[in-house]
Amino acid sequence: TTPSSYITFTVTNIGDTTSANLNGTFSIVGPNAAQFDMVSGVNNCTSTLTAGSTCTIQIRSLIAAQGKFSAILKSTANNNPSIYLEGDGNGFSCV
């Protein structure tokens, strides 16, 4: 199988103050982290976000085998939010 298409995640500052600097705070972690790819150069979450502002991150599955694989998209800024990623040989979704 070939890598899946990229899925775009929108990060929104729903607070009423400016966020911490997001540059370098996003990573994919977990037992199957190598099965997912975050696009370099397209991730525009590279600074602070004012209240109500957004930025985007693109991720795809690199899974080439059947079976379930999972990982977590995590940020080390602003209360450590995370998104659970799950995929198989046919693509992936977020939960």
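Residues numbered from 1 in each chain as written. Predicted model: local features only at pLDDT ≥ 70, side-chain atom pairs only at ≥ 80, totals over all residues. Heavy atoms only, no water.

Participant: Can you break down a nonpolar patch on the surface residue by residue, with the values?
Facilitator: A cluster of nonpolar side chains, Val 29, Ile 72 and Tyr 84, forms an exposed patch at the surface whose accessible area comes to about 210 Å². Structurally, the position occupied by Val 29 is in strand S2 (residues 26–29). (Patch = residues over 30% accessible without salt bridge, like charges linked within 9 Å, V, L, I, M, F, W, Y side chains within 5 Å. Areas by Shrake-Rupley, 256 points an atom, 1.4 Å probe, with all protein chains shown as cover. Salt bridge = Lys/Arg side-chain N within 4 Å of Asp/Glu carboxyl O. Helix = DSSP H or I, 4+ residues; strand = E, 2+ residues; numbered from the N terminus.)

Participant: Before we move on, can you summarise the side chain of Ser 75 with the specific residues and values?
Facilitator: Along the chain, Ser 75 falls in strand S5 (residues 69–75). A relative accessible area of 1% places Ser 75 in the buried class. Separated by 3.2 Å, the side chains of Ser 75 and Thr 25 make a polar contact. (Buried < 20%, exposed > 50% of the residue type's maximum accessible area, 1.4 Å probe, protein only. Polar contact = N/O pair within 3.5 Å; in protein donor to acceptor, adjacent residues only side chain to side chain.)

Participant: Go over the nonpolar core, please, and point to the residues and values.
Facilitator: If you look at the biggest cluster of nonpolar residues, it comprises 18 residues, and the most contacted ones within it are Ile 28, Ile 59 and Leu 73. Listing elements by their share of this core, those giving two or more residues are S2, strand S3 (36–38), strand S4 (54–61) and S5. (Core = buried A, V, L, I, M, F, W, Y, C linked by side-chain atoms within 4.5 Å.)

Participant: Hey, could you go over the sheet that holds strand S1 (residues 7–12) for me, with residue numbers and the actual values?
Facilitator: Read across the open sheet, the 3 strands follow the order S1-S4-S3; overall the sheet is antiparallel. Two strands in the sheet have a free side with no partner beyond their single neighbour: S1 and S3. Recorded for the sheet is a direction-independent mean angle of 30° between the axes of neighbouring strands. Note: S3 against S4, 3 bridges, orientation antiparallel. Counted as the bridge partner of Met 38 is Ile 59 from S4. (Pairing = 2+ DSSP bridges. Axes fitted to C-alpha atoms, helices over the stretch in contact; angles between N-to-C directions.)

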